[in-house]
Amino acid sequence: MDIKALISQLTLEEKAGLCSGADFWHTKAIERLGIPASMVSDGPHGLRKQDEKTDHLGVNDSIKAVCFPAASATAASFDRAMLTRMGEAIGDSCQHEGLSVVLGPAVNIKRSPLCGRNFEYFSEDPYLTGKLSAAFIHGVQSRNVGTSIKHFAANSQEHRRMSSSSEVDERTLREIYLPAFETAVKEEQPWTVMCSYNRLNGVFASENPWLLTDVLRKEWGFEGYVVSDWGAVSDRVAGLAAGLDLEMPSSGGFNDKKIVEAVRSGELDEAIVDQAVERILNIVFRFTENAKPDTPWDKEAQHQLAAEIAADCMVLLKNDDKILPLQKDASVAFIGEFAKKPRFQGGGSSHINCFRTTSALEAAEGLPVFYAQGYSAAKDSATEEQIAEAVIAAKKAKIAVVFAGLPDVYESEGYDRTHMRMPECQNRVIEAVAAANPNTVVVLHNGSPVEMPWIGKVKAVLETYLGGQAVGLATVRVLYGDTNPSGKLPETFPLQLEDNPSYLSYGGEGDVAEYREGVFVGYRYYDFKKAAVLFPFGHGLSYTDFAYSNLRLSADTITDQDILTATVTVKNIGDRAGKAVIQLYISDKNSSVFRPVRELKGFEKIYLQPGEEKDVSFSLDKRAFAYWNTALHDWYVEPGDFTIEIGHSSRDIALGASVTVRSTVKIKRHYDMNSIFMDILADPHAAAVFEPILAGMRAAFLPADTEQTDAAKEAITEEMGLAMFNYMPLRSILSFAGEKADPSLLEHLLNTLNNE
Ligand code: BGC
């Protein structure tokens, strides 16, 4: 299709019209030119295709579909290949249903456990988020269906989401809030990017030229179209000029007219409208010209896939006395309503109308399992009778498994949580059951961290996150050892909400939400602080054990243009087959800027039989070592030594090896009369000029040992004198030289320092 030729035949009104939706889910068709409408749908972890009553909040029904685990869960898999398989399955269902774009993945960073949409987001870590979302996009788009990576950008709270401004400094944006989008765009070219509702540093994301054009297109090379989050447009003309191509859903023609007027009045260049239309039509035709409506959608098979995925996402947080896996002939009490009616997805636009769900109780059919309800999730209560029944069941059984977590109303799109606690009634049930049976296991269903006041009283905790419609099947497989758990926490579980780094400013004051903790989000903060946490980032147990050895690097010294290969040997030293997640962190040994103690820069997941061992290699490029330098406005590797670490979590580092990295980028420094000695001496070139001058000054300033009185020696040691020297500005040379002061010499010195 010659899209440019097509555009030349469109009227201005038609072009403006194509820049917004026909309705909630379709782009506009122009029949006289054979331009078809194309349909998009939520997303991200299954289809929410609405045939009739439409909305963007998950209020009205959609077609029956398959609900895969939400991103909170899939992130815990640390498994790119699995995310790709899930994407392929969703891509197939889109082809079957004629959907050109699935609205996801959602990749906003988990700044606080309170964000209502954390269940839909991946992680507190940008590297993990970027790689997993890219893998998902790869899967969907391999089926010739587009994705819409969202919500671009810095949309880490639901509170006042359509008016709040995320105030984020340059380095924090680049290191924490943008990289997931950057990775996905550079590696997988999502067909579309969805801009977020919020403002970024005062400017709505939907009309932010720096974000939508300078960074997204010019720096990263994005080729698709930018779509607004549903209703995110404030000033349509400013938005179009900034790079927002498609407004969704529609403005009833109101904003289309504004575009026409702006072109007619000369405020907006028509070429910008043409460009947006071209980007939109490129995608519309990319889908329709290759549509495969015959693609089967085997929901049963996808239900099984959802179970397989959910099982591989579960995180075994605690397992004292190896109480898990359960024996299949042991009498077990399943206590808690979630055993019968699991909570497996969150509320809002991602809410899926499941064609089937499997509870743990159904999945355990045939096993000696009995049930007590314990509490009512909808009523958020536990009656005395329910607790008494739970206690009787717990006493009767060898092992008591309490199914608990967060009811629907606790976390959803559209609002944030106000605390991190589980319902009081559920905590009471857990306490009562644990008091009645020392062998108590807790299975959690929640999209984000919860406080666990009972943690010391139970033997095991299995975190299922929001595991999708087959969560019950997956839970039983993991509890009984058919699947060996291999999930790792993609976020820190703090002991209490107040420990979280964003606690002091989360949510903001009115519409100003300052991201004051800067780059110290999640484990980047807890590890720097050496703060106690409930469970650290990357933590997750297995029914077997893995040993790491022989970490070797391809070089001792590299430049920032080289690729370093790190290889480690992993061995299954237990007696069960299982999957290991190998986490690679990098730590800058002495940085002149504040940096996290360590940052995740690689991860791999492998399957090993008992006794089997494999080598795992990681390629590390400049970005693995760099931080965002605000003077250069670019990534920069500060020359020096770095440690490559292999860990079981960010708090459990097994191996480390050192590498020296040289920078090929020279930072030009400028000195003036207020530059201090220490900074001049830290710069090898300047130090060479300055050292001899300083030596003379030192001799003058610090009298020779023999000339000092004892009292003077006590008052100021040589060390102290030198330390004070460090912070002296160049101008102090004049003050201390007294009569010998010669400003022209100092001028000369400055010129020499600056000119080379
Ligand atoms: C959400 C998006 C979603 C869109 C369409 C918005 O409210 O923020 O994530 O894709 O609605 O349902």
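Owing to the predicted nature of the structure, the values given are computational and were not obtained by experimental measurement.

**Overview of the overall build of the chain**
For the chain, the helix and strand inventory stands at 24 helices and 25 strands. Rg of the C-alpha trace for the chain: 30 Å, near the compact-globule value of 27 Å for 756 residues, within the 12% margin. Within the chain, the proportion of its 756 residues that are buried is 59%. Of all intrachain contacts in the chain linking residues separated by at least 6 positions in sequence, the fraction that spans at least 24 positions is 76%. For the chain, the accessible area works out to roughly 29,200 Å², and carbon and sulfur atoms hold 50% of it. Within the chain, one finds 75 positive and 104 negative side-chain charges whose respective centroids are separated by 4 Å.

**Some points on the side chain of Lys150**
Along the chain, the position of Lys150 falls in strand β3 (residues 146–152). If we skip the residues at most four places from it in the chain, Lys150 touches Asp42, Pro44, Leu103, Gly104, Pro105, Ala106, Val107, Asn108, Arg117, Glu120, Phe181 and Met194.

**Looking at the nonpolar core**
Within the largest apolar cluster, 163 residues are counted, with the highest numbers of intra-cluster contacts made by Phe334, Met452 and Leu479. With seven residues, helix α12 (residues 299–313) is the largest single contributor of residues to this core. One finds Leu620, Trp635, Phe642 and Ala657 within the second-largest nonpolar core, a separate group that totals 29 residues.

**Quick word on the sheet that holds strand β10 (residues 332–335)**
The sheet built from six strands is open, its strands ordered β9-β14-β13-β12-β10-β11 with mixed pairing. At either end of the open sheet lies a strand with only one pairing partner, and these are β9 (315–319) and β11 (369–372). Between one strand axis and the next, the sheet turns through 20° on average, direction left out of account. Strand direction decides the pairing type here: strand β12 (residues 399–405) and strand β13 (residues 440–445), joined by six bridges, are parallel.

**Digging into the pattern of salt bridges**
Pairs can form between side chains of opposite charge once their charged atoms are near each other. Counted according to the given criterion, the structure contains 46 salt bridges. Between Glu604 and Arg80 there is a salt bridge; the shortest N-O distance is 3.8 Å. Note that Glu604 is positioned in strand β20 (residues 599–608) and Arg80 in helix α4 (residues 80–97), a separation of 524 residues in sequence. Of the residues examined, Glu604 reaches a relative accessible area of 29% and is grouped as partly exposed. For the salt bridge of Arg516 with Glu514, the shortest nitrogen-to-oxygen distance reads 3.4 Å. Shared partners join several salt bridges into a network, and the residues in it are Arg117, Glu120, Glu158, Arg161 and Glu413.

**As for the environment of Pro126**
Residue placement: Pro126 occurs in helix α5 (residues 126–141). Residues Pro126 and Val458, spaced 332 residues apart in sequence, show a C-alpha to C-alpha distance of 33 Å.

**Regarding the site of the ligand**
In the vicinity of the ligand lie 15 residues, with Asp42, Arg117, Lys150, His151 and Asp229 positioned nearest. Contact distances for the ligand include 2.4 Å between an oxygen atom and a side-chain N or O atom of Asp42. Contact distances for the ligand include 3.2 Å between an oxygen atom and a side-chain N or O atom of Arg48. A class-by-class count of the residues in the shell around the ligand yields five nonpolar, three polar and seven charged.

**Quick look at the sheet that holds strand β18 (residues 564–572)**
Strand order in the open sheet formed by three strands is β16-β18-β21, with antiparallel pairing between adjacent strands. Of all the strands in the sheet, just β16 (546–553) and β21 (613–620) have a single pairing partner and so form its edges. The average angle at which neighbouring strand axes cross in this sheet is 25°, direction not considered.

**Remarks on the packing of α5 against helix α7 (residues 179–188)**
α7 packs onto α5 with a crossing angle of 35° between their chain directions and a minimal axis gap of 8 Å. Note that α5 runs across α7; the crossing there is right-handed. Residues Pro126, Thr129, Gly130, Lys131, Ser133, Ala134, Ile137, His138 and Gln141 of α5 pack against Pro179, Ala180, Thr183, Ala184, Glu187 and Glu188 of α7. Residues of the contact of α5 with α7, tallied by class, amount to six nonpolar, six polar and three charged.

**Regarding the packing of aromatic side chains**
Per the counting criterion, the structure on display carries 19 aromatic pairs. On the basis of an interplanar angle of 25° and a centroid distance of 4.3 Å, the ring pair of Tyr523 and Phe537 is categorised as stacked. Residue Tyr523 is located in helix α17 (residues 523–529), and its partner Phe537 is located in the loop between α17 and β16; the two are separated by 14 residues in the primary sequence. Each member of the pair, Tyr523 together with Phe537, is buried. Ring centres of Trp628 and Trp635 lie 5.2 Å apart, and the angle between their planes is 85°; on these two criteria the pair is classed as edge-to-face. The pair formed by Trp628 and Trp635 is uniform in burial state, with each residue classed as buried. The structure contains a cluster of three or more aromatic residues connected by ring pairs, namely Phe78, Tyr127, Tyr523, Phe537, Tyr585 and Phe603. In this arrangement the basic side chain of Arg80 is found over the ring face of Phe603, its NZ or CZ atom lying 4.1 Å from the centre. Over the ring of Trp191 we find Arg286, and its NZ or CZ is 5.0 Å from the ring centre.

**A word on the packing of helix α14 (residues 384–396) against helix α15 (residues 424–436)**
At a minimum axis distance of 8 Å, the contact between α14 and α15 shows a crossing angle of 35°. The two elements α14 and α15 cross, and the hand of that crossing is right-handed. Judged by residue contacts, Glu384, Ile387, Ala390, Val391, Ala394 and Lys395 of α14 engage Arg428, Val429, Ala432, Val433 and Ala436 from α15.

The rules behind each value
- Residues numbered from 1 in each chain as written.
- Predicted model: local features only at pLDDT ≥ 70, side-chain atom pairs only at ≥ 80, totals over all residues.
- Heavy atoms only, no water.
- Helix = DSSP H or I, 4+ residues; strand = E, 2+ residues; numbered from the N terminus.
- Rg over C-alpha atoms; globule rule 2.2 N^0.38 Å.
- Buried < 20%, exposed > 50% of the residue type's maximum accessible area, 1.4 Å probe, protein only.
- Contact = heavy atoms within 4.5 Å.
- Areas by Shrake-Rupley, 256 points an atom, 1.4 Å probe, with all protein chains shown as cover.
- Lys, Arg positive; Asp, Glu negative; His and termini not counted.
- Charge placed at Lys NZ, Arg CZ, Asp CG, Glu CD.
- Core = buried A, V, L, I, M, F, W, Y, C linked by side-chain atoms within 4.5 Å.
- Pairing = 2+ DSSP bridges.
- Axes fitted to C-alpha atoms, helices over the stretch in contact; angles between N-to-C directions.
- Salt bridge = Lys/Arg side-chain N within 4 Å of Asp/Glu carboxyl O.
- Near = heavy atom within 4 Å.
- Polar contact = N/O pair within 3.5 Å; in protein donor to acceptor, adjacent residues only side chain to side chain.
- Nonpolar A, V, L, I, M, F, W, Y, C, P; charged D, E, K, R; others polar.
- Left-handed = near helix turned anticlockwise from the far one by under 90°.
- Phe/Tyr/Trp six-rings, centres within 6.5 Å; stacked < 30°, edge-to-face > 60°.
- Lys NZ or Arg CZ within 6 Å of the ring centre and 35° of its normal.

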